[in-house]
Amino acid sequence: MDGRPRLATRLCEVLGTEYPIVQSGMGGVAGVDLAAEVCEAGGLGVLAGVLASPDTIRAAIRDLRSRTKRPFGVNLLLATDLWPPAPAESVADETVEQVHTTLNRVRKALALPPAQGRPKPPPNLVSSAIEVILEERVPVFSIGLGDPGADLVEDCHRRGIRVMAMVTTVADAIAVEDSGVDVIVAQGGEAGGHRSHFTKPPSPQHGAVGAVALIPEVTAAVRVPVAAAGGIVDGRGLVAALALGASGVLMGTRFVATQESTAPEVHKKALLERTSDETTVTDAFSGRYARAIRNDFTEQYARSGAPVLPFFWQMFAAGDIFQAAARREDAEYLPLWAGQSVGLVQSLPTAAEVVSDTIAQAHRLLSGGLAAMVTLD
């Protein structure tokens, strides 16, 4: 243990980690460097697998195995409209035209040529990615936006793979427990990135339960260990999650703003500069509701009243905008995923420092510092 404070929970026992900290496998952020650093620090590092080819995922898994002997995870999104992707015939020509009318106004601001016609459809990669995860016997299969189902969970268990699924409601927590998952992540409405709904709700307000309310309700309803997500960036959040009945935490925004994160520098810079009231939940970036930093893109799209295309069709339609903004390091036209905890992110440490500092702060609070903060009459 190298003199480090001890903080083990049931989550650690199930995942095989030293500490009850899971790093989010967010696409565009969670590469081998980040996952390896978290694993070596005692948490669970998770690779992003969304939209990656099977060969890319396999290579990343093997690279990570060469960097750490500790357990790690691979994350996929099992949304019903991505597994398989929504078919072309489900995308109405009128909707495509309305979307491009709005996007062309943004393109004009970036000096890009207007576009029309159907965007390139999202690739059908989920099934082949699952095959790689099974073949490579990844220690932990991390799932967002869907229920893996009992058959897939059994396939994982036969290969010694633990399954962790993220949910936003008690009903979905019960559903994934019935499928046999080993860990449930309860995602509060404060969380950054995609909302882990099984199906897209009618509005961003549906299923937007805050972590303080959601975590105890989920932990009371299920028997498997629960990791809390949403608004957690440090040891105070970890202690609060434990007090609410969780066995640990999953952190996303805090790990985006680390040295090993593959997020663009403009994204990291934005996280260091923004406050908690500068995020919004929007489907304009991908077609599914997700929390990101409010910018010109989200505001223009909201004012337009335009519809959005199905999941990831929308992202592919706006791909030229995002690529141009990335080249220019223009934060106003990029999807800058961030939770409401963004105001607490004020430094760019290594991922290992995030883990160690979180555990050290939690240990101080649990060892007496917390009691010293409370005065009873």
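What comes next is a walk through the structure. (Residues numbered from 1 in each chain as written. Predicted model: local features only at pLDDT ≥ 70, side-chain atom pairs only at ≥ 80, totals over all residues. Heavy atoms only, no water.)

## Things to note about the overall build of the protein
In step 1: The number of helices and strands found in the protein is 15 helices and eleven strands.
In step 2: Computed over the C-alpha atoms, the radius of gyration of the protein is 20 Å, within 12% of the 21 Å expected from 2.2 N^0.38 for a compact globule of 377 residues.
In step 3: Its C-alpha atoms give the protein principal-axis dimensions of about 60 × 50 × 40 Å.
In step 4: Within the protein, buried positions represent 56% of all 377 residues.
In step 5: Contacts in the protein between residues at least 24 apart in sequence constitute 68% of all its contacts with a sequence separation of at least 6.
In step 6: Counting every atom, the protein has about 15500 Å² of accessible surface; 51% of that belongs to carbon and sulfur.
In step 7: Computing the positive centroid from 33 side-chain charges and the negative centroid from 42, the protein places the two 2 Å apart. (Helix = DSSP H or I, 4+ residues; strand = E, 2+ residues; numbered from the N terminus. Rg over C-alpha atoms; globule rule 2.2 N^0.38 Å. Buried < 20%, exposed > 50% of the residue type's maximum accessible area, 1.4 Å probe, protein only. Contact = heavy atoms within 4.5 Å. Areas by Shrake-Rupley, 256 points an atom, 1.4 Å probe, with all protein chains shown as cover. Lys, Arg positive; Asp, Glu negative; His and termini not counted. Charge placed at Lys NZ, Arg CZ, Asp CG, Glu CD.)

## Remarks on the sheet that holds strand β11 (residues 290-293)
In step 1: As summarised here, the arrangement of the three strands in space is β7-β11-β10, forming an open sheet in which the pairing is antiparallel. Both edges of this open sheet fall to β7 (193-194) and β10 (279-282), since each of them pairs with a single strand only.
In step 2: Bridge count for β10 against β11 is four bridges, and the pairing is antiparallel. Note on β11: the bridge partner recorded for Thr280 is Ala292. (Pairing = 2+ DSSP bridges.)

## Remarks on the packing of aromatic side chains
Any aromatic ring pair is given by two values, namely how distant the centres are and how the planes are angled relative to each other.
In step 1: Scanning the model with the defined rule gives six aromatic pairs in all.
In step 2: A ring pair is formed by Phe285 and Trp337, whose centres lie 5.7 Å apart and whose planes are at 85 degrees; its orientation type is edge-to-face. In this pair, Phe285 is assigned in the loop between β10 and β11 and Trp337 in the loop between α14 (319-328) and α15 (351-372), connecting sequence segments 52 residues apart. Each member of the pair, Phe285 together with Trp337, is buried.
In step 3: With centroids separated by 4.3 Å and ring planes inclined at 15 degrees, the aromatic side chains of Phe311 and Phe312 adopt a geometry described as stacked. This pair shows no difference in class: Phe311 is buried, exactly as Phe312 is. (Phe/Tyr/Trp six-rings, centres within 6.5 Å; stacked < 30°, edge-to-face > 60°.)

## Let's talk about the side chain of Lys268
In step 1: The residue Lys268 is located in helix α11 (residues 265-273) in this model.
In step 2: Here the side chain of Lys268 touches Thr258 through a polar contact of 2.9 Å, landing on its backbone oxygen.
In step 3: If near-sequence neighbours (up to four positions away) are discounted, Lys268 is found in contact with Val256, Thr258, Gln259, Ser261, Ala263 and Leu348. (Polar contact = N/O pair within 3.5 Å; in protein donor to acceptor, adjacent residues only side chain to side chain.)

## Side note on the sheet that holds strand β2 (residues 45-48)
In step 1: Taken in spatial order, the eight strands of this open sheet run β1-β9-β8-β6-β5-β4-β3-β2, and their pairing is parallel. Across the chains shown, the open sheet's two edge strands, defined by having one partner strand only, are β1 (21-23) and β2. Direction aside, the axes of adjacent strands within the sheet are offset by 25 degrees on average.
In step 2: Where strand β4 (residues 140-144) lies against strand β5 (residues 162-167), four bridges are found, and the strand directions are parallel. Counterpart to Phe141 in the pairing with β5 is Val163. (Axes fitted to C-alpha atoms, helices over the stretch in contact; angles between N-to-C directions.)

## What about helix α4 (residues 93-109)?
In step 1: With 17 residues, α4 extends 25 Å between its outermost C-alpha atoms, agreeing within 8% with the 24 Å of an ideal straight helix rising 1.5 Å per residue.
In step 2: Three or more residues of α4 are buried, namely Thr95, Val96, Val99, His100, Thr102, Leu103, Val106 and Arg107.
In step 3: The secondary structure elements touched by the buried residues of α4 are α12 (296-304), α13 (313-317) and α14. (Expected span 1.5 Å × (residues − 1).)

## Structural notes on the packing of helix α2 (residues 32-41) against helix α3 (residues 54-67)
In step 1: For the pair α2 and α3, the least separation of the axes is 10 Å and the interaxial angle reads 35 degrees. Between α2 and α3 lies a crossing of right-handed hand. Contact residues: α2 offers Val32, Asp33, Ala35, Ala36 and Glu40, while α3 offers Ala60, Asp63, Leu64 and Arg67.
In step 2: Taken together, the residues of the contact of α2 with α3 break down into five nonpolar, no polar and four charged. (Left-handed = near helix turned anticlockwise from the far one by under 90°. Nonpolar A, V, L, I, M, F, W, Y, C, P; charged D, E, K, R; others polar.)

## Looking at the environment of Met164
In step 1: Position of Met164 among the secondary structure elements: in strand β5.
In step 2: Judged by relative accessible area, Met164 falls into the buried class, the value being 1%.
In step 3: Considering only alpha carbons, one finds Met164 and Glu329, 165 residues apart in sequence, at a separation of 35 Å.
In step 4: In contact with Met164, other than residues within four places in its own chain, are Val22, Leu44, Val140, Phe141, Ser142, Ile143, Val183 and Val185.

## Examining helix α8 (residues 211-221)
In step 1: Along α8, the residues that are buried comprise Ala211, Leu214, Ile215 and Val218. Looking straight down α8, one finds that the buried residues subtend no more than 100 degrees of arc, so they occupy a single side. Facing away from the buried surface of α8 by more than 90 degrees, the exposed residues are Val212 and Ala220. (Arc of directions from axis to C-beta.)

## Notes on the side chain of Thr68
In step 1: By the element assignment, Thr68 lies in the loop between α3 and β3 (72-77).
In step 2: Judged by relative accessible area, which is 4%, Thr68 ranks as buried.
In step 3: Polar side-chain contacts of Thr68 include one of 3.1 Å to the backbone nitrogen of Arg70.
In step 4: Among all residues touching Thr68, those that are not within four sequence positions of it are Cys39 and Glu40.

Take it as geometry only, folks, not as evidence of what the structure does.
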